[in-house]
Amino acid sequence: MSQEGPRWPRRSFGSPTAAWSGTKSFSPLRKMGWDAMEYDEKLARFRQAHLNPFNKETGPRQHEQRPSKEAPEVTSAEALPELLPGEPEFCCTERVMDLGLSEDHFSRPVGLFLASDIQQLRQAIEECKQAILELPEQSEKQKDAVVRLIHLRLKLQELKDPSEDEPNIRVLLEHRFYKEKSKSVKQTCDKCNTIIWGLIQTWYTCTGCYYRCHSKCLNLISKPCVRSKVSHQAEYELNICPETGLDSQDYRCAECRAPISLRGVPSEARQCDYTGQYYCTHCHWNDLAVIPARVVHNWDFEPRKVSRCSMRYLALMVSRPVLRLREINPLLFNYVEELVEIRKLRQDILLMKPYFITCREAMEARLLLQLQDRQHFVENDEMYSVQDLLDAHTGRLSCSLTETHTLFAKHIKLDCERCQAKGFVCELCREGDVLFPFDSHTSVCTDCSAVFHRDCYYDNSTTCPKCARLTLRKQSLFQEPGPDVDA
C-alpha cells in the first residue's frame with residue numbers, strides 16, 4: 001500500500017466516478033448497515049488510493065471518448081468489498097456522480113483584471129492591445145479581448161476620476177453649472193475634448209450657454225459665459241470674415257492662447273468664419289453655422305466653419321431680432337421677393353393689433369399669442385432675426401404668416417360684431433362695403449388714418465375729406481372773436 005497522499009491538481013477538476021469504475025455496484029441499504037469501524041476502514045482505504053476523483057483524465061469525458069478501453073486496474077487494497085448475494089444493486093453511474101465538478105472554476109474569467117492602481121491598469125491595457133492585434137480577425141477570442149479592453153479602460157477612468165459627492169450648482173465666470181443626472185447620453189467635454197462617461201463620471205452643463213465639461217475640468221475653464229455677452233451686447237459682426245492675420249494674434253489661439261501655426265506644429269490653426277480669428281483644435285471643432293453677415297449682404301445661407309465659442313454665441317442669438325434690414329442693406333428688398341411679401345404681412349398685422357387690444361373676445365381667445373414665438377412681429381415691422389431670415393429663405397415664414405393673417409382678418413371682418421363696427425366707409429365715393437386698413441385694395445391717410453379705396457384716393461386731387469374737417473374744426477375753436485361779439 002502506498003503511503004503517499006492524494007495528488008490534487010491546482011486548477012482542474014475531474015469526475016469522482018473514475019475511482020469507482022473498477023468496482024461493482026453496492027446497495028445503499030448495506031452501506032447504511034455498516035458499523036462505524038467498517039466505514040472508517042473503507043474511508044481510509046479510499047484516501048490511500050492514488051486515483052483522484054477530481055482528475056479529468058479519468059473523468060466521464062474519457063469514458064465517453066474511449067468506451068472500448070477497459071477500466072484501469074484496481075489493487076486488492078484499493079478495491080471495495082463486493083455486495084452479498086441477493087442485495088439490491090445501486091448503479092453509481094457517471095451521470096449521477098457528475099456534480100459539475102468537471103468545470104474549471106479556478107481559471108480567471110474573461111475580462112477579470114486584478115490590477116488595483118493606475119500603473120498596473122495601463123500595463124494591462126497595453127498587453128490587451130497587443131493580444132488583440134495578434135488574435136485572428138473577427139474571432140471570438142478577439143471579441144472577448146476587446147470587451148476586456150473596454151472594462152480595463154473604464155476601470156482606469158474610474159480611478160482617475162472617482163465618483164464623489166459634488167455640489168449640484170457651481171458658479172464660475174458667470175457660468176451657472178448644474179450637475180447632470182443623465183447616464184446614457186453620450187457627450188463630449190468642451191474643455192478637454194474627451195468623451196464624458198456618464199456612468200462613472202460627474203459632469204456639469206451651463207444653463208446659459210450649454211457648456212459641458214467634467215467636474216475635474218471646471219477649475220480649468222478660462223472663457224466666461226457667452227450668455228452674459230448676449231445680455232449686455234446683443235449685436236452681430238456684420239463684416240464678412242474680418243481676418244487680421246495670424247501674426248496679429250502672436251501665433252496663438254484667440255481663446256486659450258495656445259501656440260498654433262498654419263503648418264499644424266504644434267497645433268493646427270483653424271479660422272473661424274464669423275470672427276475671422278484663428279483657434280486651436282481644442283477651441284475649434286470645425287462646427288458649421290450660418291454667418292449673419294453673409295446672409296444680410298449676399299443672402300448666402302451656406303454653413304461655414306466656426307469656433308466653439310462663436311457657435312454657442314450664434315445659437316443664442318439666432319432668435320433675437322437685432323437686424324434692421326432697411327439700414328444695413330435696403331437693396332435686399334429689391335432682390336428678395338419673399339422679404340417684400342413678409343413685410344406687407346407684418347404691416348397688416350400691426351394694423352390689426354388695435355382691434356384686438358380693444359376687443360374683449362379677442363383678448364379672451366388670446367389671438368395675439370399666435371405670434372408668441374415672434375413677439376417682435378406685433379411691435380414693429382423693421383427688426384428681423386437670423387431665424388426669421390432662415391425661415392423666409394425656406395418659405396416657412398411666409399406660409400405661417402399667411403395663416404395667421406387669415407385668422408386675424410376672419411375675426412375682425414366676420415366673427416366679431418364689435419370689430420366690424422370699427423370699419424370705414426370711403427368718403428370719396430361713398431360706395432362699396434365696409435373698409436379696413438389691412439385690406440389689399442385700400443389706402444390709408446397718413447395724417448388721420450382714414451381708409452379709402454385705393455383708386456379713389458389716388459384719383460382725387462383734393463385733400464383728404466377727414467383732414468379738411470379736422471382743420472376747420474381746429475380753426476373754429478381757436479378763431480378770435482370778432483367786433484360783433486364784443487358789442
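Residues numbered from 1 in each chain as written. Predicted model: local features only at pLDDT ≥ 70, side-chain atom pairs only at ≥ 80, totals over all residues. Heavy atoms only, no water.

Participant: Just to check I follow, could you spell out the overall build of the protein chain for this structure?
Facilitator: When its secondary structure is counted, the protein chain shows 19 helices and 14 strands. By residue count, 34% of the 487 residues in the protein chain fall in the buried class. Considering only contacts within the protein chain whose residues lie at least 6 apart along the sequence, 63% involve residues at least 24 apart. Per element, the accessible surface of the protein chain, about 31200 Å² overall, is 51% carbon and sulfur. (Helix = DSSP H or I, 4+ residues; strand = E, 2+ residues; numbered from the N terminus. Buried < 20%, exposed > 50% of the residue type's maximum accessible area, 1.4 Å probe, protein only. Contact = heavy atoms within 4.5 Å. Areas by Shrake-Rupley, 256 points an atom, 1.4 Å probe, with all protein chains shown as cover.)

Participant: I tried to follow the packing of helix 12 (residues 337-357) against helix 15 (residues 396-415) on my own but got confused; where do I start?
Facilitator: A pair of packed helices is captured by two measures, namely the crossing angle of their axes and the spacing between those axes. Across the interface, helix 12 lies against helix 15 with an axial gap of 10 Å and an inter-helix angle of 30°. For the element pair helix 12 / helix 15, the angle class is roughly parallel. Helix-helix and strand crossings are classified by hand; for helix 12 and helix 15 the assignment is left-handed. For the pair helix 12 and helix 15, contact is made by Glu341, Ile342, Leu345, Arg346, Asp348, Ile349, Met352, Tyr355 and Phe356 and by Leu397, Ser398, Leu401, Thr402, His405, Phe408, Ala409, His411 and Ile412, respectively. Tallied by class, residues from the contact of helix 12 with helix 15 come to 11 nonpolar, 4 polar and 3 charged. (Axes fitted to C-alpha atoms, helices over the stretch in contact; angles between N-to-C directions. Parallel < 35°, antiparallel > 145°, perpendicular 65-115°, else oblique. Left-handed = near helix turned anticlockwise from the far one by under 90°. Nonpolar A, V, L, I, M, F, W, Y, C, P; charged D, E, K, R; others polar.)

Participant: What is the right way to look at the side chain of Asp273 in this model?
Facilitator: Locating Asp273 in the fold gives a position in the loop between strand 7 (270-271) and strand 8 (278-279). Classification of Asp273 by relative accessible area gives buried; the value is 12%. A polar contact of 2.9 Å, which involves the side chain of Asp273, links it to the side chain of Arg294. Not counting residues within four places of it along the chain, the set of residues in contact with Asp273 comprises Cys241, Ile291, Arg294, Arg304, Lys305 and Val306. (Polar contact = N/O pair within 3.5 Å; in protein donor to acceptor, adjacent residues only side chain to side chain.)

Participant: Looking at this structure, I do not really get helix 14 (residues 386-394). What am I missing?
Facilitator: Since there are 3.6 residues in each turn of an α-helix, residues three or four apart along the chain are aligned in direction. For helix 14, the complete set of buried residues consists of Val386, Asp388, Leu389, Asp391 and Ala392. Taken together, the buried residues of helix 14 touch helix 8 (292-298), strand 11 (323-324), helix 10 (325-328), helix 12, strand 12 (383-384) and helix 15. Remark: Gly395 follows helix 14 within two positions and exhibits a positive phi of approximately 95°.

Participant: Looking at this structure, I do not really get the sheet that holds strand 2 (residues 175-179). What am I missing?
Facilitator: Two strands in a sheet stick together by hydrogen bonds in their backbones, pointing the same way (parallel) or opposite ways (antiparallel). Here 4 strands make up an open sheet; going across it, the order is 1-2-5-6 and the pairing antiparallel. Edge strands, defined here as strands with exactly one partner in the open sheet, are strand 1 (169-172) and strand 6 (212-214). Put simply, the sheet's adjacent strands are angled 30° from each other on average, direction ignored. For strand 5 (residues 203-206) and strand 6, the ladder comprises 3 bridges, and the chain directions are antiparallel. Considered in strand 6, the bridge of Thr205 is made with Arg212. (Pairing = 2+ DSSP bridges.)

Participant: Teacher, can you tell me more about a nonpolar patch on the surface here?
Facilitator: A grouping of Ile169, Val171 and Tyr178 is seen on the molecular surface, where their side chains present a nonpolar patch of about 250 Å² in accessible area. Tracing the chain through its elements places Val171 in strand 1. On the basis of relative accessibility, which here comes to 54%, the residue Val171 falls in the exposed class. (Patch = residues over 30% accessible without salt bridge, like charges linked within 9 Å, V, L, I, M, F, W, Y side chains within 5 Å. Salt bridge = Lys/Arg side-chain N within 4 Å of Asp/Glu carboxyl O.)

Participant: Can you help me understand the pairing of strand 1 in this one?
Facilitator: Looking along a regular strand, one sees the side chains alternate between the two faces of the sheet. Pairing analysis gives 4 bridges linking strand 1 to strand 2, with the strands arranged antiparallel. Bridging from a neighbouring strand, Ile169 pairs with Tyr178 of strand 2. Taken together, strand 1 and the strand that follows it, strand 2, pair antiparallel across an intervening segment of 2 residues, in which Leu173 is found at a positive phi of about 50°.

Participant: When you look at the pattern of salt bridges in this model, what are you seeing that I'm missing?
Facilitator: Enumeration according to the criterion identifies 19 salt bridges in this entry. As a salt-bridge pair, Asp439 and Lys413 come within 3.1 Å of each other at their nearest N and O atoms. Of the two residues, Asp439 is situated in the loop between helix 16 (417-420) and strand 13 (442-444) and Lys413 in helix 15; the sequence distance between them amounts to 26 residues. By relative accessible area, which is 9% here, Asp439 ends up buried. Residues participating in the shared-partner salt-bridge network are Arg324, Arg326, Glu327, Asp381 and Glu382.

Participant: What's the story with the environment of Leu428 in this structure? I'm lost.
Facilitator: Take Leu428: it is sitting in the loop between helix 16 and strand 13. In the structure, Leu428 is positioned 24 residues away from Phe452 in sequence and 7.3 Å away in space, judged by C-alpha atoms.

Participant: Teacher, can you tell me more about unusual backbone geometry here?
Facilitator: Outside of glycine, negative phi angles account for most residues, and trans bonds account for most peptide bonds. For Gln138, which is not glycine, the phi dihedral falls at a positive 60°. Relative to the helices and strands, Gln138 resides in the loop between helix 5 (118-134) and helix 6 (140-160). Judged by relative accessible area, Gln138 falls into the exposed class, the value being 64%. If you check the backbone angles, Arg257 has positive phi at about 65° while not being a glycine. Considering the arrangement of structural elements, one finds Arg257 in the loop between helix 7 (226-232) and strand 7.

Participant: Please explain the side chain of Asp190 as it appears in this structure.
Facilitator: Within the secondary structure, Asp190 is located in the loop between strand 3 (187-188) and strand 4 (195-196). In terms of polar contacts, Asp190 uses its side chain to reach the side chain of Arg308, at 2.7 Å. Beyond its immediate sequence surroundings of up to four residues, Asp190 is in contact with Tyr210, Tyr211, Arg212, His282, Trp285, Arg308 and Arg312.

Participant: What am I meant to see in the packing of aromatic side chains here?
Facilitator: Centre distance and the angle of the planes are the two values used to describe a pair of aromatic rings. Summed over all chains, the structure comprises 7 aromatic pairs. Arranged with centres 6.3 Å apart and planes meeting at 75°, the rings of Phe177 and Tyr211 form a pair that is edge-to-face. With Phe177 in strand 2 and Tyr211 in the loop between strand 5 and strand 6, this pair connects stretches of sequence that are 34 residues apart. Residue classification places Phe177 among the buried residues on the basis of a relative accessible area of 0%. (Phe/Tyr/Trp six-rings, centres within 6.5 Å; stacked < 30°, edge-to-face > 60°.)

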